[in-house]
Amino acid sequence: MLDMKTIEPCVVVIFGANGNLSRRKLIPALFRLDVAKRLPEKMAIVGCSLEPWNDDQWIEEVSGMLQSRFPGGLDEEVFKRFRARLHYHPNPPGSGDAYQNLQKKLEETPGFSPNLVFYMAVRPSEFPSIIDKLGTVGLLKQNKGWCRVVIEKPFGYDLLSAQTLQRSLYHHLNEPQIYRIDHYLGKGTVQNVIVFRFANILFEPLWNNHYIDHVQITHSETLGVEGRADYYEGVGALRDMIQSHLLQLLALVAMEPPVTLSAEHLRDEKVKVLKAIRPITQNSVHAHAFRGQYTAGIIDGKPVPGYLDEPGVAPDSTTETYAALKLFIDNWRWAGVPFYLRTGKRMAENSSAICIRFKSPPRDLLRHSHRELPHPNWILLGIQPDDCLKMEIQVKVPGLDLNTRTLSLDATYRKSSEEDYDAYEGLLLDVMQGDHSLFLRIDEVEWAWRAVDPIIKVWAMERGFINGYQAGSWGPRGTYRLFDNEDQFWRHSL
Ligand code: BG6
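None of these values were measured; they are calculated from a predicted model.

(A) Just the pairing of strand β12 (residues 338–344), in detail. With 7 of 7 residues buried, β12 lies mostly within the body of the structure. Across the two faces of β12 the burial is the same, with P338, Y340, R342 and G344 and F339, L341 and T343 all buried. Here strand β7 (residues 212–220) runs beside β12; their pairing, made up of 6 bridges, is parallel. Its bridge partner being in β12, H219 is matched across the sheet by T343. Two strands pair when backbone bridges link them, and strand β11 (residues 322–328) and β12 are joined in this way by 7 bridges, in the antiparallel orientation.

Here you go:
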């Protein structure tokens, strides 16, 4: 994550090359890396998918993907270089020799490096069988070069299935070969949480239960399920966003300073936080978790259908498109501080942020009556759309009287309109460089499942009812019942 190491030549094989993730994120990220001259000259990309295409048809597809992604036009010279890297391997269902043929292609194509990255951009249920077939034809052995496998989230559907998946991977792979990706860790502002906390001394004395009232971590999006119902049904917001991305953010906010930023030290500290999350018992699920599903509404002035009317969604589905949790971290630093996490699709705004609310001064000398709500300090770390750091403090209102108002100290360092890399560029480079710092270790994944498993179980039993919320709103109303005090409320806009 820190160094700009040289990258050895390699072949990146993308399973699910024609899928949503590959089209929207991976191929554009690889292209941008080529624009930035960060790919080694001898690096090839092999798309692997169900379609019976040849190399030329695949190149046509990729041109289309890139043209729609970069409407301003593609640099001819870079595009020529990028095209030359592209190869295709059809992997139709039931084809007995597809993996043998892949092995031949990888081993015999002139100019192909023996270093291999296999990227699993497929449905989670397909990971074990693909790995098994790659292992059976010997492609996961590291005889002539290295071999790394990138596994997308969710890693399993609960603790038990994650452990089963892990065991099946260990048949053919050892831990250093496995890169469990959580693309949130590739986002600049998420890494900025580490910089904010550990490159400044200013905040550390305040970063504990003496001064912090509570922490809110939000990811809201205006998009709906976007044709991904086959994946999303039965996964839902809790598994899709909270078990992975939001618990990672929580771990970064709450962890102790690591000894170094090496992959092991960083992950050791994150695991300690996840282990310290107070277990939610099945009886207390309703006090700690709230779910909802979007109904028809208006987004950006246009009517949008409810979740149940999305293609591929069962008419009686209770899959949650919104989830909110209250968690406690039972350790010295955070005892008694609630961490509120929430995420939702078809919400009022696209916004990801960490909002930290401080306690009020011990005597609020400037409050005029007990009825007036306190005006606490906040630190707001915006992840998207803008990368920002804001701090809310109280100042005197100009004039003769001693009244106060909130002033926001705004250090926005990147507006969404400014060009920047997406999370995947850096993470793909890390895989090619063999850097695990921003990838999840299996114990992190397991502890994250332990935190949400009781909720999953209770929600799975409650199949009869789910709260609705109108598309374009800030989620179901009842979610406020999670708050411990009546002066706590969701921060919507920064
Ligand atoms: C993915 C989820 O991991 O993250 C999606 O599967 C979600 O449902 C997405 O929309 C959000 O990530 P980003 O980077 O687009 O904010």
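Let us keep going from here.
(B) Local environment of the site of the ligand. As a matter of local geometry, the ligand sits amid K153, H183, K187, H219, E221, R228, D240, M241, H245, K345 and Q384. At 2.6 Å, a side-chain N or O of K187 approaches an oxygen atom of the ligand. Note that an oxygen atom of the ligand is positioned 2.6 Å from one of the side-chain N or O atoms of Q384. Tallying contributions element by element places helix α9 (residues 236–254) first for the shell around the ligand, with 3 residues. Taken together, the residues of the shell around the ligand sort by class into 1 nonpolar, 4 polar and 6 charged.

(C) Unusual backbone geometry, seen in detail. In this model, K153 is joined to P154 through a cis peptide bond whose omega is -5°. When you line up the elements, P154 lands in the loop between β5 (147–151) and α6 (159–170). Cis geometry is adopted by the peptide bond preceding P385, which originates at Q384 and carries an omega value of 5°. Take P385: it is sitting in the loop between β14 (378–384) and β15 (387–396). Of note in the backbone geometry, D300 takes a positive phi value of approximately 50° without being a glycine.

(D) Empty space enclosed by the protein, seen in detail. Scanning the model with the defined rule gives 2 cavities of 30 Å³ or more in all. In this structure, the largest cavity spans a volume of roughly 110 Å³. As for the largest cavity, its lining consists of 16 residues, and the residues nearest its centre are K153, F155, Q243, L440 and V445. Element by element, the count of residues in the lining of the largest cavity is highest for helix α13 (residues 442–461), at 4 residues. In terms of residue class, the lining of the largest cavity is built from 8 nonpolar, 3 polar and 5 charged. Estimates place the volume of the second largest cavity at around 50 Å³. R24, K25, P28, A29, R32, R69, F70, D422 and E425 are the residues that line the second largest cavity. For the lining of the second largest cavity, the residue count by class is 3 nonpolar, no polar and 6 charged.

(E) Structural context of α13. Relative to the 28 Å expected for 20 residues at 1.5 Å per residue, α13 spans 28 Å between its end C-alpha atoms, a close match to the ideal helical length. The largest bend along α13 reaches roughly 45° and is located at V452, with the proline P454 sitting one to four residues downstream. For α13, a buried count of 14 out of 20 residues is recorded, marking the element as mostly surrounded by other parts of the structure.

(F) Seen up close, the sheet that holds strand β16 (residues 404–414). Taken in spatial order, the 9 strands line up as β16-β15-β14-β13-β7-β12-β11-β8-β18 in an open sheet, and their pairing is mixed. Unpaired on one side and paired on the other, β16 and β18 (467–470) mark the two borders of the sheet. Sheet twist, expressed as the average angle between the axes of neighbouring strands with direction ignored, equals 20°. Two elements, β14 and β15, share 5 bridges in a ladder whose sense is antiparallel. Looking at the pairing, L380 lines up with K390 of β15. With respect to the sheet, α13 is in contact with β8 (289–295) and β11, its orientation differing from that of β8 by roughly 55°.

Conventions adopted
Residues numbered from 1 in each chain as written. Predicted model: local features only at pLDDT ≥ 70, side-chain atom pairs only at ≥ 80, totals over all residues. Heavy atoms only, no water. Buried < 20%, exposed > 50% of the residue type's maximum accessible area, 1.4 Å probe, protein only. Helix = DSSP H or I, 4+ residues; strand = E, 2+ residues; numbered from the N terminus. Pairing = 2+ DSSP bridges. Near = heavy atom within 4 Å. Polar contact = N/O pair within 3.5 Å; in protein donor to acceptor, adjacent residues only side chain to side chain. Nonpolar A, V, L, I, M, F, W, Y, C, P; charged D, E, K, R; others polar. 1 Å grid on protein atoms, 1.4 Å probe; cavity = no way out; pocket = protein on both sides within 12 Å on 5 of 7 lines; lining within 4 Å. Points joined across faces, edges and corners; volume = space filled by probe spheres on them. Expected span 1.5 Å × (residues − 1). Bend = angle between axes of the 7 residues up to and from the residue. Axes fitted to C-alpha atoms, helices over the stretch in contact; angles between N-to-C directions. Contact = heavy atoms within 4.5 Å.

By themselves, these observations are geometric and do not establish any function.
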